[in-house]
Amino acid sequence: MTNLLRVDSSARLAGSRSRELGDLFEASWLARFPHTRIVRRELATDPLPHIAAETIQGYYTPAEQMTDRLREATALSDKLIAELESADVLLLTLPMYNFSIPSVLKAWIDQVVRIHRTVGFDGQSFEGLVKGKWVYVISSRGAAGYENGGPLSAVDYQKPYLRHLLGFLGMTNVTFVEVEATNAGPDVATANIEKARRRIADLVAALPEGSATGVAA
């Protein structure tokens, strides 16, 4: 059975374009691979705390030196990392807020990026330890001009950051689906959303039979 971890981060529960497209992706995936197990992490209704000083201390403390206090401080990180490690497929849905990612998603990232757990370090170089996963990032942007060298491409701090961050963790098989100008007139927004819907349908349809099983191999 394939495990798919879906992480939603839009503050809007209704009217969210990224959620809408994430729902389409999930439905298309399940129609193609019905035995997939879906794990959902909803960051709007179940936001994660920011990491605290004790959390960071726990990250850098050897296992044999961990105290009950530090184990408690890193328990949420342990849980979130276990969810990520168990996933064969990671689906991130997010809007662009102020040229970057929602703060709730950054809180999730800070809980799962952890030295000697998801990132190795030998004293000289880093190695991502979360390997062999398929990642799909569905992003909505209210304005146009972020893609293909457009006038806002220089201030897209979302896609480059996520690509680097996911690669830093070892996840290099990453596909982005972006929809722009969702705040434009209805004709433009509808056309762009329909384009993104077709791309999602084509992505899932193009997967060979049986490819959703053993993805992490």
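Just so it is clear, the structure is predicted and the values come from calculations on it, not from any experiment. (Residues numbered from 1 in each chain as written. Predicted model: local features only at pLDDT ≥ 70, side-chain atom pairs only at ≥ 80, totals over all residues. Heavy atoms only, no water.)

J.: Tell me about the pattern of salt bridges, residues and numbers included.
T.: A full pass over the atoms with the stated rule returns 20 salt bridges. The salt bridge involving E178 is made with R141; its shortest N-O contact spans 3.1 Å. Separated by 37 residues along the polypeptide, E178 in strand β7 (residues 173-179) and R141 in the loop between β6 (134-140) and α6 (159-168) bring together distant segments of the chain. Owing to a relative accessible area of 17%, E178 belongs among the buried residues under this scheme. Through salt bridges that share partners, R6, D8, D23, E26 and R40 make up one connected network. (Salt bridge = Lys/Arg side-chain N within 4 Å of Asp/Glu carboxyl O. Helix = DSSP H or I, 4+ residues; strand = E, 2+ residues; numbered from the N terminus. Buried < 20%, exposed > 50% of the residue type's maximum accessible area, 1.4 Å probe, protein only.)

J.: Could you give an account of the sheet that holds β6, with specific residues and numbers?
T.: The strand order β2-β1-β3-β6-β7 describes an open sheet built from five strands, whose pairing is parallel. Of all the strands in the sheet, just β2 (37-42) and β7 have a single pairing partner and so form its edges. Taken pair by pair, the neighbouring strands of this sheet meet at an average axis angle of 15°, ignoring direction. Each of β1 (3-8), β2 and β3 (89-95) is contacted by helix α4 (residues 75-86), which is oriented at about 145° to β2, the strand it contacts most. Across the face of the sheet, α6 comes into contact with β3, β6 and β7 while running at roughly 160° to β7. (Pairing = 2+ DSSP bridges. Axes fitted to C-alpha atoms, helices over the stretch in contact; angles between N-to-C directions. Contact = heavy atoms within 4.5 Å.)

J.: Describe empty space enclosed by the protein, listing the residues and the values that go with them.
T.: What the rule picks out here adds up to one cavity of 30 Å³ or more. By volume, the largest cavity amounts to about 30 Å³. Counting residues per element, the ones that place at least two in the lining of the largest cavity are α5 (103-112) and α6. Among the residues forming the lining of the largest cavity, the class breakdown is seven nonpolar, no polar and no charged. (1 Å grid on protein atoms, 1.4 Å probe; cavity = no way out; pocket = protein on both sides within 12 Å on 5 of 7 lines; lining within 4 Å. Points joined across faces, edges and corners; volume = space filled by probe spheres on them. Nonpolar A, V, L, I, M, F, W, Y, C, P; charged D, E, K, R; others polar.)

J.: Account for the layout of surface pockets, with residues named and values stated.
T.: A probe matching the size of a water molecule, rolled over the atoms, marks out where space remains unfilled. The space that makes up the largest pocket amounts to roughly 280 Å³. Around the largest pocket sit 17 residues that line it, and M96, R141, G142, T182 and N183 are the ones nearest its centre. Residue composition of the lining of the largest pocket, by class: six nonpolar, eight polar and three charged.

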